[in-house]
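# Chains, contacts and geometry: an overview
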Amino acid sequence: MSKGGSPDESVRTTDERIDREWWKEAVVYQIYPKSFNDTDADGIGDIPGIVQKVDYLDELSVDAVWLSPVYQSPQADNGYDISDYRAIDERYGNLDDFEALLSALHDRDIRLIMDLVVNHTSDEHEWFQRSRRGEEPYDDYYYWREGDPGDLPNNWNSIFGGSAWSYDDEREAWYLHLFDEKQPDLNWRNPAVREDVYDMVNWWLEKGIDGFRLDAVNLLSKAEGLPDGDPTDGITGREHFFNGPEIHAYLGELHDRTVDRYDAMTVAEMGAITHEDALEYCGEDGDGIDMVFQFLRDELRSEDDPKWEPMDWTLPELASIVTDWQTGLAGEAWVAPVLENHDQPRSVSWWGSEEYRRQSATMLGTFLLTMRGTPFLYQGQELGMTNVEFDSLDELEDPATKQRVENAIADGDIDGFEDARTVINLESRDHGRTPMQWTDGPSAGFTDGEPWIVVNPNHTEINVESERDDPDSVLRYYRELIDIRHDSDVLVYGDFEFLVAGDEQVFAYVRAHDEERLLVVLNWSSDSCHLDLSEHTEREAEYRLGNYGDTGEDLADLDLRPWDARIYRLVQ
């Protein structure tokens, strides 16, 4: 399959039973512009910096780029607080720069997906400024509740911690913000709000972009009357704003009024959903959303887990979740598997082993790119980038992490940073936001200025320059993985069947389409082991790819080394 999603008849079947879509056959690469590449030495990545690197994206053979927000923003939440949806933030460039990027990507058959953030705006957006003054028709564009400054409208918590309400002295009323206080929630019950949003979405689609990643989109609908929430249920109030009563009506209308009129795709970020929920959003009778992200780490988490200790999980638990999504949505809905993004720590550090960095990075890549669904990669994942070590709260940039720690200190849950250090250095969102590591030089080749966030010291060893021509590098392995996926219907559309799923150390599964079978064997451990798979298939194994090289084809005698990953073709 060539980039852009057009089937290549030499490597793909002509099976008319397959419901082909370009976005199903794509490998998507997320760019976090602030940390990707800086061309003006201000320490912040920019759009011209992305244009400089489009040949790198082409070499990697990705089919689409998801661009995190570049809209005008005060940057209270790194661009997810938008003050003007139709302007590019001057830190990143301007609309001419954006047009140049779109053209450069399209010239290489790479599509561009924008981030759509419409649960909330910035408090500096014109809509909010006019709403806080009570100007019509904007007075009801947000959730306002009158009351005494000391009397909260309800007990809802912000996802970032603390109350979900802030008092505005100008309007003399409370406003709702499920995230930061500078991110007031839009009132989707108001038809005028929805009309303005659809107008903006179509404005971008008319520019030729290829779709949207929908940010926090299952929060749009809030329960009638905004009743108090259960204070024992994690984020207080969550039962009243996750997957609310009108959410399917809102998303269906958004689809019908915008993306349905274009050759564009949507992928939804939704917290607190199961694979059954996903069917309601993107199944045949769903809301028109093409796919939802599958956040495995979030599904493993329990409300009973200690807040300031590393999460405890087992491979059988993970296998159960993978099975639910891979088989529960088969033929019904599409999914977007993901291990890293701007809100997640580095997968090597969380899922894998920094001691076995190359092996675990390539094993995790093999897992991701052999799943059913559209895999999303995050900048630097293809290098095996790792978490960085933070030594104080002052080094952190992420408002969610900082607010969580500050609230815990104020509540007496912890005494200070040291009590939170382990979890922060394992899970903070800042790990995914350290600069892309291009070279072993100053600031990893990201900027000639002072980087806005700390650069990982291991850039001297882990960088594009050193990995580009190294046949044993993580980068080269990812290129091979992507090529195999492009050349295989079975990895995109095939059925999924676990052969070994309850093991504490090994995943082994088959992807099957018609007579084509691919076997994937993964040792999810720093320990070696022996595996006999001969009883699961009568077919012979032909080695396709692995992170230790060709290690034999006898399925009765598989000696797996730490973080071993292998792909076999099963032949009659």
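I will try to describe carefully the structure that is included in this document.

How each quantity is defined
- Residues numbered from 1 in each chain as written.
- Predicted model: local features only at pLDDT ≥ 70, side-chain atom pairs only at ≥ 80, totals over all residues.
- Heavy atoms only, no water.
- Helix = DSSP H or I, 4+ residues; strand = E, 2+ residues; numbered from the N terminus.
- Buried < 20%, exposed > 50% of the residue type's maximum accessible area, 1.4 Å probe, protein only.
- Contact = heavy atoms within 4.5 Å.
- Areas by Shrake-Rupley, 256 points an atom, 1.4 Å probe, with all protein chains shown as cover.
- Lys, Arg positive; Asp, Glu negative; His and termini not counted.
- Charge placed at Lys NZ, Arg CZ, Asp CG, Glu CD.
- Pairing = 2+ DSSP bridges.
- Axes fitted to C-alpha atoms, helices over the stretch in contact; angles between N-to-C directions.
- 1 Å grid on protein atoms, 1.4 Å probe; cavity = no way out; pocket = protein on both sides within 12 Å on 5 of 7 lines; lining within 4 Å.
- Points joined across faces, edges and corners; volume = space filled by probe spheres on them.
- Nonpolar A, V, L, I, M, F, W, Y, C, P; charged D, E, K, R; others polar.
- Salt bridge = Lys/Arg side-chain N within 4 Å of Asp/Glu carboxyl O.

### Regarding the overall build of the protein chain
For the protein chain, the helix and strand inventory stands at 16 helices and 20 strands. C-alpha extents for the protein chain along the principal axes are approximately 75 × 55 × 50 Å. Looking at the 572 residues of the protein chain, the share that counts as buried comes to 60%. Counting contacts in the protein chain only where the partners sit at least 6 residues apart, residues at least 24 apart contribute 70% of the total. Summed over all atoms, the accessible surface of the protein chain reaches about 21,500 Å², with 39% contributed by carbon and sulfur. The positive charge centre, built from 48 side chains, and the negative charge centre, built from 128, are 3 Å apart in the protein chain.

### Topic: the sheet that holds strand S15 (residues 506–513)
Strand order in the open sheet made by the five strands is S14-S15-S16-S20-S18, with antiparallel pairing throughout. Strands at the two margins of the open sheet, each flanked by one partner only, are strand S14 (495–500) and strand S18 (540–546). On average, each strand axis in the sheet is tilted by 25 degrees relative to the strand beside it, whichever way the strands run. Along the sheet, helix H9 (residues 315–328) makes contact with S14 and S15, crossing S14 at roughly 160 degrees. Against the sheet, helix H15 (residues 474–486) touches S18 and strand S20 (565–571), its axis set at about 130 degrees to S18.

### Here's the deal with empty space enclosed by the protein
With the rule as written, the count across this model stands at three cavities of 30 Å³ or more. Size it by volume and the largest cavity reaches roughly 80 Å³. Broken down by secondary-structure element, the contributors of at least two residues to the lining of the largest cavity are strand S9 (211–214) and helix H6 (247–257). By residue number, the principal contributor to the lining of the largest cavity is H6, which donates three residues. Taken together, the residues of the lining of the largest cavity break down into eight nonpolar, four polar and one charged.

### Comments concerning the pattern of salt bridges
In the structure shown here, the tally under the stated rule is 38 salt bridges. Its salt-bridge partner being Asp 55, residue Arg 108 comes within 2.8 Å of it at the nearest N-O pair. Residue Arg 108 is located in the loop between helix H3 (95–107) and strand S5 (111–116), and its partner Asp 55 is located in helix H2 (residues 54–60); the two are separated by 53 residues in the primary sequence. On the basis of relative accessible area, Arg 108 is assigned to the partly exposed category, the value being 24%. For Asp 55, a relative accessible area of 41% corresponds to the partly exposed category. Its salt-bridge partner being Arg 421, residue Glu 389 comes within 3.5 Å of it at the nearest N-O pair. Taken together, the residues Glu 389 in the loop between strand S13 (376–378) and helix H12 (399–410) and Arg 421 in helix H13 (residues 417–427) connect sequence positions 32 residues apart.

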